[in-house]
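Each chain, written out:
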There are 2 protein chains.
Amino acid sequence: MENMDNMDFEAMLEQQTDTLTELLENRKMRELKAALEEMNEYDVAEFLAELEENTIPMVFRLLSKEMAADVFANFDAPEQELIINSITDSELGAIIEDLYLDDAVDMMEELPSNVVKRVMRTATPETRNLINLYLKFPENSAGSIMTAEFVDLKKYMNVREAIARIRRIGEDKETIYTCFVVSADRKLEGVISVKDLLLHDDDTVIEEIMDTNVVFAMTHDDQEEVAEKISDYDLMAIPVTDKEGRLVGIVTVDDVIDVMEQEATEDFEIMAAMTPSDKPYSRTGAAEMWKLRVPWLMFLMLSATFTSMILNSFEDALAVQTVLIGFIPMLMGTGGNSGAQSSTAVIRSLSIGDTEPSDILSVVWKELRVSMLCGATLSAINFVKMLLVDRSLLGNPEVTVIVAATVSMSVLFIVMFAKVVGSTLPILAEKIGVDPAVMANPLISTITDAVSLLIYLEIAKVFLHI
Amino acid sequence: MENMDNMDFEAMLEQQTDTLTELLENRKMRELKAALEEMNEYDVAEFLAELEENTIPMVFRLLSKEMAADVFANFDAPEQELIINSITDSELGAIIEDLYLDDAVDMMEELPSNVVKRVMRTATPETRNLINLYLKFPENSAGSIMTAEFVDLKKYMNVREAIARIRRIGEDKETIYTCFVVSADRKLEGVISVKDLLLHDDDTVIEEIMDTNVVFAMTHDDQEEVAEKISDYDLMAIPVTDKEGRLVGIVTVDDVIDVMEQEATEDFEIMAAMTPSDKPYSRTGAAEMWKLRVPWLMFLMLSATFTSMILNSFEDALAVQTVLIGFIPMLMGTGGNSGAQSSTAVIRSLSIGDTEPSDILSVVWKELRVSMLCGATLSAINFVKMLLVDRSLLGNPEVTVIVAATVSMSVLFIVMFAKVVGSTLPILAEKIGVDPAVMANPLISTITDAVSLLIYLEIAKVFLHI
């Protein structure tokens, strides 16, 4: 870090990339290799991924064995495939053995089947069996994201023996900081952190200092629950047991970050009426996107038939009072936006555990008050705006006081309806076991569109005798 | 964990809560205290928070000094305030000294000012100065979420000395697993993990094994960047330096989980046209919500004036061809939903770093193809549906083949327009430094509403000579 005192991290990275690019362009392979070995494996992976396709394997081959495996683990699926297709079986085998099991399983789930076959063939029988075992757990379960590389201790060990064991077997473990105490038949009996080990005397017996009140997950638990536990209890790693209470793996905190990102992306997708996809946007093809998007668009389009039917039944009245037609989009939009605010707020609140389905009454009461405040404000602004802008400024004589009153009163009731429905439906969905995220803007808008229209036209009937 | 072999974690928790409730109801305080001391501090905090307000301080006073501080750190602001108002100054002082600095600063940001004053008065001058210093960093900066409790080492120490230092000072540190090597003037020179220390011989000198290629953040960096670095590089903790390169704090991985949750919530709120709030839904009052929601609703409502103007200019034509009115909501809805899908997908992709603003051309090309596929599908389905349902089933003779063709062709062009605009605007926003999340459903819908109408009515002009 010398001579870089006044540089921020990004500037250092940029300088590093420039240096590497220069070395590569001038074919100074020895210097390039030396520079890469000094770097963080994530940065090496990022640098390689930006190169041209046929250059990537060439530069990858410069890396030392350990660096190669670490960089490989940091690659996305396309680069992993590229490398697998350009190295020998024995090089591939070495990389697979060096990968943590959860990274290997992740990779298998993304690679095309012919590549998976080759990878499996080069792995040792033991690794192959483990990968196969882990691939069998349901998608998005604790089992599917756990890893097998953890430190296990026995309760009769003392601190000195435990630390000696960690020093002996720790190198290949994903985390050494939380150690798991298991019985002879591999049942989980307690956990102990390296911090606790270091802060106790060498002769203290593990059983006396281990925590028997273990927070754990089971292989079939949903990954979202696992993430919540790690987050709530501030854990470094959570043990995963099978139905018999035997320790079969651990999930570490860095996996949780990926899970949280994935689950949030899923919510965003569902809330915008898309079928969630495992793949990032940049790697999803047009045909695939069409499949994820068109069913919902179709459903919502066909649902709008109700709105059309309502409008058609008022067709003759509207042909006489044509001025009313112009405000339909504004009323529908305001209803949709009001409903979207409430549904989004409630969906998110449910998803982070801030609101429980049992809070439904207090939620409705709150949204009712908010909707009256918002509705009254918007209604008043709209009344003034219609008379000042539509009538005076744009000179539309059909916009009378009574028309402005009709539209403004509709605004009030539409906002109230939209907010109450928007906040209630997600909670009801959660109660009956449907993902609340489904009850977001697109569906709420379709409902509020039809009801907004009914409210508007019924009020117009009373005020304008249409 | 004995006798609980076949129970999952949730069932165990429930049983625990039942036992505690029974002990409390029967006023068996000694047993209650003993049971609470055995539990995880998070579970104790959860149990207490569910009790009646006047019972919480009573039960809290049962806890031992260490447990009390840990439980306090796990409380939300309302419970923290309740406890602060019910304990003595010296009890409060002890708790404050036991809190990690980042938790103390978080608390200060949420408490009412009179409570903050009392807390500051009971803290030691040293803690008070530190809290004041940390409170000065901009909201959502690395400085505002960092903590001061880390292990610092010198590069001339050997492994034995380093481990001895960790054992001596480690107890009060937020993490001991990443240690930071600093020079005499506190400049950051390297990092070393406890894993590396344990895996090397006692006599190895730190300088030889420390990593000098340090991933670091600066105090004024945005917390989102900090979270990304910890996630990208799979760090346990990241050092935070001031402008002179001096180490002033660290951010640990558990803080990142909170940051990610907070940033995702913010995106959800912005994307549903709400001003983001620091407080969770359950603790935001109706008047406050009105303030967060009504400005956007107003802006969008007033923007709909353009749509009204377009409709009004076609008023007379629509009065003749009233059948066209009924399909306006469906067309606007389909446009809005199509645009929302694309904008949400792109906003999320930008936010997780999957798409860069420079990818704009490939994004537009992809969305163009998706929109043609979606548009053609929906157009065909709509054509068949209008003739089968609207004309034959609902018996509306005005729905002729040429009317169905007009509406269906509009669907195609509206979907194409909406998807291209929906995917482009977030990228353009990012390019000019505006939060792309603003370009979500509500705003996109307002734009597509007006353009959808124009497309529809222009096509109707050609086909139906309105």
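Scoring rules and cut-offs
- Residues numbered from 1 in each chain as written.
- Chains lettered and ligands numbered in written order.
- Predicted model: local features only at pLDDT ≥ 70, side-chain atom pairs only at ≥ 80, totals over all residues.
- Heavy atoms only, no water.
- Helix = DSSP H or I, 4+ residues; strand = E, 2+ residues; numbered from the N terminus.
- Contact = heavy atoms within 4.5 Å.
- Polar contact = N/O pair within 3.5 Å; in protein donor to acceptor, adjacent residues only side chain to side chain.
- Core = buried A, V, L, I, M, F, W, Y, C linked by side-chain atoms within 4.5 Å.
- Buried < 20%, exposed > 50% of the residue type's maximum accessible area, 1.4 Å probe, protein only.
- Patch = residues over 30% accessible without salt bridge, like charges linked within 9 Å, V, L, I, M, F, W, Y side chains within 5 Å.
- Areas by Shrake-Rupley, 256 points an atom, 1.4 Å probe, with all protein chains shown as cover.
- Salt bridge = Lys/Arg side-chain N within 4 Å of Asp/Glu carboxyl O.
- Lys, Arg positive; Asp, Glu negative; His and termini not counted.
- Charge placed at Lys NZ, Arg CZ, Asp CG, Glu CD.
- Least-squares fit on C-alpha atoms with pLDDT ≥ 70 in both.
- Pairing = 2+ DSSP bridges.
- Axes fitted to C-alpha atoms, helices over the stretch in contact; angles between N-to-C directions.
- Buried area = accessible area lost by both parts, 1.4 Å probe.
- Nonpolar A, V, L, I, M, F, W, Y, C, P; charged D, E, K, R; others polar.
- Phe/Tyr/Trp six-rings, centres within 6.5 Å; stacked < 30°, edge-to-face > 60°.
- Lys NZ or Arg CZ within 6 Å of the ring centre and 35° of its normal.
- Parallel < 35°, antiparallel > 145°, perpendicular 65-115°, else oblique.
- Left-handed = near helix turned anticlockwise from the far one by under 90°.

**Brief notes about the environment of Arg-293 of chain A**
Counting through the fold element by element, Arg-293 of chain A comes out in helix H17 (residues 286–303). Remark: the alpha-carbon pair of Arg-293 of chain A and Met-330 of chain A, spanning 37 residues in sequence, is separated by 26 Å. Beyond its immediate sequence surroundings of up to four residues, Arg-293 of chain A is in contact with Ala-273, Met-274 and Tyr-281 of chain A together with Gln-341, Ser-342, Ala-345, Glu-367, Val-370, Cys-374 and Lys-419 of chain B. A polar contact of 3.3 Å, which involves the side chain of Arg-293 of chain A, links it to the side chain of Ser-342 of chain B.

**Topic: the nonpolar core**
Formed by 148 residues in total, the largest nonpolar core has its most connected members in Leu-48 and Phe-60 of chain A together with Leu-48 and Phe-60 of chain B. Not counting the four nearest positions on each side in its chain, Leu-48 of chain B is found in contact with Ile-56, Val-59, Phe-60, Leu-63, Val-71 and Phe-75 of chain B. In terms of nonpolar packing, the next biggest core, distinct from the first, is built from 92 residues, Met-289 and Val-363 of chain A together with Val-363 and Leu-378 of chain B among them.

**Describing a negative patch on the surface**
Side chains of Asp-8, Glu-46, Glu-50 and Asp-76 of chain A together with Asp-222, Glu-224, Glu-225, Glu-228, Glu-356, Glu-430 and Asp-435 of chain B sit close together on the surface and give a patch of like negative charge. The leading source of residues in the negative patch is helix H15 (residues 223–232) of chain B, at 3 residues. Among the structural elements, Glu-46 of chain A can be located in helix H3 (residues 41–49). Residue classification places Glu-46 of chain A among the partly exposed residues on the basis of a relative accessible area of 40%.

**Let's talk about the relation of the copies chain A and chain B**
The two copies are related by a screw motion: chain A maps onto chain B through a turn of 180° and a shift of 0.0 Å along the axis, at an RMSD of 0.1 Å. Accordingly, the operation relating the two chain copies is best matched by a two-fold axis. Among all residues of chain A, the one whose C-alpha sits closest to the rotation axis is Ala-319 of chain A, at a distance of 2.3 Å. Of the residues that chain A buries at the interface, 100% are likewise interface residues in chain B, meaning the two copies contact each other through the same surface.

**Notes on the pattern of salt bridges**
This structure, assessed with the given rule, holds 32 salt bridges over all chains. The network of salt bridges with common partners includes Asp-89, Arg-118 and Arg-121 of chain A.

**Remarks on a nonpolar patch on the surface**
On the surface, Phe-306 and Met-309 of chain A together with Leu-393 and Leu-394 of chain B cluster together into a nonpolar patch covering about 440 Å² of accessible area. Topologically, Phe-306 of chain A is positioned in helix H18 (residues 305–313).

**Side note on the sheet that holds strand E3 (residues 188–193) of chain B**
Residue and element names in this part refer to chain B. Taking strand neighbours across the sheet as the criterion, the 3 strands line up as E1-E2-E3 in an open arrangement whose pairing is mixed. Taken across any chain shown, the strands that pair with only one partner, and hence form the sheet edges, are strand E1 (150–153) and E3. Neighbouring strand axes in the sheet, compared pairwise and without regard to direction, differ in orientation by 35° on average. As paired strands, strand E2 (residues 175–182) and E3 are joined by 5 bridges and run antiparallel to one another. In the strand pairing of E3, Val-181 is matched with Gly-190. Sheet strands touched by helix H12 (residues 159–169): E1 and E2. Its angle to E1, the strand with the most contacts, is close to 150°.

**A few points about the interface of chain A and chain B**
Where interface size is quoted, it is often the accessible area lost as the parts come together. Listed per partner, the contact involves 135 residues of chain A and 136 residues of chain B. Taken together, both faces of the contact between chain A and chain B bury some 11700 Å²; the carbon and sulfur share is 64%. At the boundary of chain A with chain B, the tally comes to 6 salt bridges. Between Asp-202 of chain A and Arg-167 of chain B there is a salt bridge; the shortest N-O distance is 3.2 Å. Taken together, the connections running from chain A to chain B amount to 52 residue pairs in polar contact (both at pLDDT 80 or more). Here the side of chain A that touches chain B gets 14 residues from one element, more than from any other, and that element is helix H20 (residues 328–351) of chain A. Class assignment of the residues belonging to the side of chain A that touches chain B gives a composition of 69 nonpolar, 32 polar and 34 charged.

**So, the sheet that holds strand E6 (residues 247–252) of chain A**
All names here are of chain A. Taken in spatial order, the 3 strands of this open sheet run E4-E5-E6, and their pairing is mixed. Of all the strands in the sheet, just strand E4 (217–218) and E6 have a single pairing partner and so form its edges. For strand E5 (residues 237–241) and E6, the ladder comprises 5 bridges, and the chain directions are antiparallel. Bridge pairing in E6 places Ile-238 opposite Val-251.

**A word on the packing of aromatic side chains**
One pass over the structure, following the stated rule, counts 16 aromatic pairs over all chains. A ring pair is formed by Phe-60 of chain A and Phe-75 of chain A, whose centres lie 6.2 Å apart and whose planes are at 35°; its orientation type is tilted. With Phe-60 of chain A in helix H4 (residues 55–60) and Phe-75 of chain A in the loop between helix H5 (65–74) and helix H6 (77–84), this pair connects stretches of sequence that are 15 residues apart. Of the two residues examined, Phe-60 of chain A and Phe-75 of chain A, each falls in the buried class. Here Phe-150 of chain B and Phe-180 of chain B contribute two aromatic rings whose centre-to-centre distance is 5.9 Å and whose plane-to-plane angle is 80°, an arrangement assigned as edge-to-face. Highlighted residues: Phe-150 of chain B in strand E1 and Phe-180 of chain B in strand E2, separated in sequence by 30 residues. Joined through ring pairs, the aromatic side chains of Phe-9 and Tyr-42 of chain A together with Phe-216 and Tyr-233 of chain B make up one cluster. Positioned above the aromatic ring of Tyr-281 of chain B, the side-chain terminus of Lys-366 of chain A is 4.8 Å from the ring centre.

**Concerning the packing of H20 of chain A against helix H23 (residues 441–464) of chain A**
Residues and elements named next belong to chain A. H23 packs onto H20 with a crossing angle of 135° between their chain directions and a minimal axis gap of 8 Å. Taken together, the axis directions place H20 and H23 in an arrangement best described as oblique. Every pair of crossing elements has a handedness; the one defined by H20 and H23 is right-handed. Contacts between H20 and H23 involve Ile-328, Leu-331, Met-332, Gly-335, Gly-336, Gly-339, Ala-340 and Ser-343 from the first element and Asn-441, Ile-444, Ser-445, Thr-448, Asp-449, Ser-452, Leu-453 and Tyr-456 from the second. When grouped by side-chain class, the residues that make up the contact of H20 with H23 number 7 nonpolar, 8 polar and 1 charged.

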